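Chain by chain, the residues run as shown.
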Amino acid sequence: MSLTESDAVIIGGGAAGLMCAITAAERGLRVAVIEPNRELGRKLRITGKGRCNVTNHCSIQEMMRNLPMDGRFLYPALNRFNSEDTEDFFTRRGVPLKVERGGRVFPVSDRAEDIAQCLVRSVRSAGAFITRDRALSIEKSDDCSYRIHTATGKEYIAPNVCISTGGLSYPLTGSTGDGYKFAEKFGHTIVPLQPSLVPLVCNEQWCGQLAGVSLKNIRLTAYEDGVRIYSDIGEMLFTHFGVSGPLVLTASSHMRNWGKKRYGICLDLKPGLSEEKLDLRIQRDFAKYHGRTFPNALQDLLIHSMIPVVTQYSEIQADLPVDAVTRVQRKRLVKALKGLPLSVSGTRPISEAIVTAGGVSTKEINPRSMESKICPGLYFAGEVMNLDAITGGFNLQIAWTTGYVAGMSMVGR
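This report concerns the structure included in the present document. Being a predicted model, the structure only gives us computed values, none of them experimental. (Residues numbered from 1 in each chain as written. Predicted model: local features only at pLDDT ≥ 70, side-chain atom pairs only at ≥ 80, totals over all residues. Heavy atoms only, no water.)

## Observations concerning the nonpolar core
- The biggest cluster of nonpolar side chains holds 80 residues, and the ones touching the most others in it are V31, F90, I148 and W400.
- At 9 residues, the largest contribution of residues to this core is made by helix α1 (residues 15-26).
- Excluding residues within four positions of it along the chain, V31 makes contact with A8, I10, A21, A24, A25, A128 and F129.
- Counting residues in hydrophobic clusters, the runner-up holds 46 residues, among them V213, L220, V248 and A336. (Core = buried A, V, L, I, M, F, W, Y, C linked by side-chain atoms within 4.5 Å. Buried < 20%, exposed > 50% of the residue type's maximum accessible area, 1.4 Å probe, protein only. Helix = DSSP H or I, 4+ residues; strand = E, 2+ residues; numbered from the N terminus. Contact = heavy atoms within 4.5 Å.)

## Some points on the pattern of salt bridges
- Going through the model one piece at a time under the given rule, you end up with 25 salt bridges.
- Close ionic contact of R281 with D285 constitutes a salt bridge, the shortest N to O distance being 3.1 Å. Here R281 and its partner D285 are both found in helix α9 (residues 275-288), 4 residues apart, which amounts to about one turn of the helix.
- The class of R281 is partly exposed, set by a relative accessible area of 22%.
- D285 gets classed as buried once you look at its relative accessible area, which sits at 7%.
- Through salt bridges with shared partners, a single ionic network connects R51, K98, E100 and D110. (Salt bridge = Lys/Arg side-chain N within 4 Å of Asp/Glu carboxyl O.)

## Here we look at the side chain of N56
- Tracing the backbone through its elements, the reader meets N56 in strand β4 (residues 55-56).
- Taking relative accessible area as the criterion, N56 reaches 3% and is therefore assigned buried.
- A polar contact is formed between the side chain of N56 and the backbone oxygen of G102, at a distance of 2.9 Å.
- Excluding residues that lie within four positions of it along the chain, N56 makes contacts with M63, S83, G102, G103, R104, V105, G392, G393 and F394. (Polar contact = N/O pair within 3.5 Å; in protein donor to acceptor, adjacent residues only side chain to side chain.)

## A short note on the pairing of strand β18 (residues 340-347)
- Here strand β13 (residues 200-202) pairs with β18 via 3 bridges, running antiparallel. Along β18, the bridge assignment pairs V201 with G346.
- Note: strand β17 (residues 263-268) against β18, 5 bridges, orientation antiparallel. Its bridge partner being in β18, Y263 is matched across the sheet by V344. (Pairing = 2+ DSSP bridges.)

## Overview of the packing of α1 against helix α5 (residues 112-125)
- Between α1 and α5, the shortest axis-to-axis distance is 9 Å and the interhelical angle comes to 30°. In this structure, α1 meets α5 at a crossing whose hand is left-handed. Contacts between α1 and α5 involve L18, A21 and I22 from the former and L119, S122 and V123 from the latter. (Axes fitted to C-alpha atoms, helices over the stretch in contact; angles between N-to-C directions. Left-handed = near helix turned anticlockwise from the far one by under 90°.)

## Examining the environment of A158
- Mapped onto the secondary structure, A158 falls in strand β10 (residues 155-158).
- Distance in space between the C-alpha atoms of A158 and S145 is 5.4 Å, their sequence separation being 13 residues.

## Looking at the pairing of β17
- In terms of burial, β17 is largely enclosed, as 6 of its 6 residues are buried.
- A two-sided burial pattern is seen for β17, the buried positions comprising Y263, I265 and L267 on one face and G264, C266 and D268 on the other.
- Sheet topology places strand β14 (residues 214-224) next to β17; 6 bridges connect them, and they run antiparallel. Paired with A222 across the two strands is I265, which belongs to β17.

Below you can see the structure in the form of structure tokens.
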């Protein structure tokens, strides 16, 4: 068995782990990165549909508002490394960035590969040692150093260890959940894991009949036991099991109490029109399609595939002439267009989620250093902790921030 001594061992070569390794190595520490994948930053290379939403160009306060769980925990760390620092990190290393709608920051090239390669170049130039291996166990020695045993029979020893193994989402990228086992061994609490930023399963069969249909510029409102918990305008997609798309993924991050609460969503297909203005619009369309049946009068208002659904919810007979539609029926039509209900029965599996909610409890981690309060010299970074956010670059900012702070807090021999 070969033995490698370092100042710090980083378990996991994803976004958080690489940021930690770069930061620590550039401070002069001897750093070893243990990553089982052939490529470093494998999950990073497919984020943002291959474009990589690097961060969000916003204030620290706005950043925290977009973290559904434990947002306050990150405040001290964000004061040390925030979205502005992230943008500066990559631009100084030759990756120009651009800001798009909602403050989303992407590489100008629209290539996630450029972000991953930048990190790989930086970690190598900083002098960190990289090994394609899998950490199997972590032991703490009598001298307070840590011994990491790997699948290839190697052993690493260091006074500092950072667990940055990610969550359980995207298992094909190497997310195995090993980090939770390591943390539990040292006495840490694991907040129950669940999918976040994940498609939702709906009870309505017509969703499956519309699989592949995308709706743009609609308002989606999510409810928990009838109380509104999220609402925004954007895009969504019908699937064979329910709904997906940007609005749905963000809504899912607010749904945390499955089995205890009831969830539903409501679709406003015409958010730019009040009920009064929509009624006037409908009357104009009815006049235009004088003599046609009711569904034919909706062709200017809706995409073809949505007409049968709205007809069903308006409770107007499909063969009714448009001239025979009463004022009361027209009001029901307005209600259907402004509030199409969907009952949500659950989420897709965690393997289909973008991020994992839950993880190592932040109550047991020092927010100023990312060091364990239970076991000195043990650090955490990224998704392995009970930290997650909505879409828009916020989850990657968690990785950059926690990785940087952990790397800055490690002390050499």
